[in-house]
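Each chain is listed here by its residues.
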Amino acid sequence: MTRAPAFTARAPSKLILLGEHAVVYGHPAVAVPLGEPFAQATARLVGPGGPVGVELQDFGLAWLRGSEPSAEEARPFSRIVEICVASGMAPDNGWTLTVRSAVPIGCGLGSGAAVAAASFKAVYGLFGARRCDRELCSSVYEVEKLLHGTPSGVDNTVIAYGRPVLFRKGEAPTFLSGPGAPLFLAVADTGLRHKTAEVVAEVARLRSQAAALLDEAFRGIGALAREGAAAFEKGDLSALGRLMNEDHRLLRGIGVSAPDLERLVAAARKAGALGAKLCGAGRGGCMAALADSPEASLRLAEALLAAGAKHAFASQVSSPAFQKVRP
Ligand code: MEV
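All values derive from a computational prediction rather than experimental measurement.

A. A look at the overall build of the protein. Assigned secondary structure in the protein consists of 10 helices and 11 strands. Here the C-alpha radius of gyration of the protein, 20 Å, is about what a compact globule of 327 residues would show, namely 20 Å. If you line up the protein on its principal axes, its C-alpha atoms span 60 × 55 × 35 Å. The buried share among the 327 residues of the protein stands at 53%. Within the protein, contacts between residues at least 6 apart in sequence are counted, and of these 71% link residues at least 24 apart. Total accessible area computed for the protein in this model is approximately 14,100 Å², and 53% of it derives from carbon and sulfur atoms.

B. How the structure looks around helix α4 (residues 154–161). The buried fraction of α4 amounts to 8 of the 8 residues, a majority that puts the element mostly inside the structure. Those residues of α4 lying buried are Val154, Asp155, Asn156, Thr157, Val158, Ile159, Ala160 and Tyr161. Looking at the buried positions of α4, the neighbouring elements they touch are β1 (6–18), β2 (29–45), α2 (111–127), α3 (133–148), β6 (165–167) and β7 (174–175). Taken from the residues just after α4, glycine 162 is the one with a positive phi, measuring 65 degrees.

C. Layout of the site of the ligand. Taken together, the neighbourhood of the ligand is formed by Lys14, Ile16, Glu20, His21, Val23, Val24, Pro151, Ser152, Val154, Asp155, Val200 and Ala281. In the complex, the protein chains occlude 95% of the 300 Å² of accessible area that the ligand would expose alone. Where the shell around the ligand is concerned, the elements lending two or more residues are β1 and α4. Looking at side-chain class alone, the shell around the ligand contains 7 nonpolar, 2 polar and 3 charged residues.

D. Layout of the packing of helix α1 (residues 75–86) against α3. Where α1 contacts α3, the two axes come as close as 10 Å, and the packing angle between them is 150 degrees. On the basis of their axis angle, the class for α1 and α3 is roughly antiparallel. Crossing angle aside, the handedness with which α1 passes α3 is right-handed. Residues Arg75, Pro76, Arg79, Ile80 and Ile83 of α1 touch α3, and the partners they reach there are Ser139, Glu142, Val143, Leu146 and Leu147. Residues that form the contact of α1 with α3 fall into these classes: 6 nonpolar, 1 polar and 3 charged.

E. Local environment of the pattern of salt bridges. Taken as a whole, this structure holds 13 salt bridges when the rule is applied. A salt bridge links aspartate 155 to lysine 14; the shortest N-O distance between them is 3.2 Å. Note that aspartate 155 is positioned in helix α4 and lysine 14 in strand β1, a separation of 141 residues in sequence. In this structure aspartate 155 comes out as buried when scored by relative accessible area, which is 14%. Judged by its relative accessible area of 2%, lysine 14 is buried. Between glutamate 20 and lysine 277 there is a salt bridge; the shortest N-O distance is 2.8 Å. Note that glutamate 20 is positioned in the loop between β1 and β2 and lysine 277 in strand β9 (residues 275–278), a separation of 257 residues in sequence. For the pair formed by glutamate 20 and lysine 277, the shared burial category is buried. Here the salt bridges do not stand alone but share partners, grouping Glu20, Asp247 and Lys277 into one network.

F. Focus on the domain arrangement of the protein. According to the domain assignment, the protein consists of domain 1 (6–175) and domain 2 (184–316). For domain 1 versus domain 2, the distance between C-alpha centres works out to 24 Å. Across the contact, 32 residues belong to domain 1 and 42 residues belong to domain 2. When domain 1 packs against domain 2, the two sides together hide about 2,700 Å² of surface, and 71% of this comes from carbon and sulfur. Applying the counting criterion to the domain 1 and domain 2 interface returns 1 salt bridge. The interface formed by domain 1 and domain 2 holds 8 residue pairs in polar contact (both at pLDDT 80 or more) in total. Top contributing element to the side of domain 1 that touches domain 2 by residue count: β2, with 6 residues.

G. Representation of the environment of leucine 185 within the structure. Topologically, leucine 185 is positioned in strand β8 (residues 183–189). Sequence spacing of leucine 185 and isoleucine 16 is 169 residues, and the spatial spacing of their C-alpha atoms is 12 Å. Leave out the neighbours within four places in its chain, and leucine 185 touches Leu15, Leu17, Leu34, Ala289, Leu290, Ser297, Phe313, Ala314, Ser315 and Val317.

H. Inspection of the sheet that holds β8 at higher detail. The antiparallel open sheet is built from 4 strands, whose spatial order is β9-β10-β8-β11. Both outer strands of the open sheet, β9 and β11 (311–317), are each paired with one neighbouring strand and no more. Each strand axis lies, on average, 20 degrees off the axis of its neighbour in the sheet, ignoring direction. Strand direction decides the pairing type here: β8 and β11, joined by 7 bridges, are antiparallel. Within β11, the residue paired with phenylalanine 184 across the bridge is glutamine 316.

What counts and what doesn't
Residues numbered from 1 in each chain as written. Predicted model: local features only at pLDDT ≥ 70, side-chain atom pairs only at ≥ 80, totals over all residues. Heavy atoms only, no water. Helix = DSSP H or I, 4+ residues; strand = E, 2+ residues; numbered from the N terminus. Rg over C-alpha atoms; globule rule 2.2 N^0.38 Å. Buried < 20%, exposed > 50% of the residue type's maximum accessible area, 1.4 Å probe, protein only. Contact = heavy atoms within 4.5 Å. Areas by Shrake-Rupley, 256 points an atom, 1.4 Å probe, with all protein chains shown as cover. Near = heavy atom within 4 Å. Nonpolar A, V, L, I, M, F, W, Y, C, P; charged D, E, K, R; others polar. Axes fitted to C-alpha atoms, helices over the stretch in contact; angles between N-to-C directions. Parallel < 35°, antiparallel > 145°, perpendicular 65-115°, else oblique. Left-handed = near helix turned anticlockwise from the far one by under 90°. Salt bridge = Lys/Arg side-chain N within 4 Å of Asp/Glu carboxyl O. Domains from an automatic or database assignment. Buried area = accessible area lost by both parts, 1.4 Å probe. Polar contact = N/O pair within 3.5 Å; in protein donor to acceptor, adjacent residues only side chain to side chain. Pairing = 2+ DSSP bridges.

Right, here's the structure in full:
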């Protein structure tokens, strides 16, 4: 039996090292792709005339083009399929998309952008569509708008290009060289879920009541991101850690931390982290801690689990130069 032609693609998750929330208001942010956890999608031909369908393996859900998505989780995929068909990249019949993702949802790791990027890449691959990263980035942004209302664009950018970036809304992304030294990170999940759009809307409400205060915090966060981009490229880990701590302090000040995040950030610092902060929209989700060695990042992950994290893992961000010298 011959198998139908298929194409499988992956997309990374992401971590904002510095700059969440302020980035929505035009300030810069530093974000890095994470190879793990990742999202994966397979586009498959099923014969001409058959309906276009999407299977979401993590949810045991399926959706057929032409029907109203009955579950919230399927809505982004109806948008992805329409973008693929409307742009002429894929026909309006005879193919399916199967998606699975290890990126936890509502956690600050860019799950929505990761599944969208993997899906588009799988469709490009199946139909031989030649699309550059910039086009992938803008297609993923369309899906992000559906998910998050008014996203800054940082998630789709770092995930579509798969490169560390100094991102500023409305400007071409500045890709960072390096990192100048491998970043060993521990990432921990509070287990609390948030909706990015709701947290962003709450921050906007607060800003409408206390503009001067919020804008001062955003300017401070933006300055940390600019400084952090230079520290990242130089490999100045202690500077980067200090900036992450300061960033967390400012984020706490605008009300997006949570008791569980505070507990994990404190535990990471006590266990020797160079810096620790919440990641993404906050109010729950993940935090990240910077370590100076792979062993230290594993120790931090253990300390975070002991402090009540639902999940914790060690991760590494390396430049291609470091990857070459590793066996
Ligand atoms: C979400 O990953 C980061 C936020 O800054 C929102 C955004 O940039 O759109 C909270």
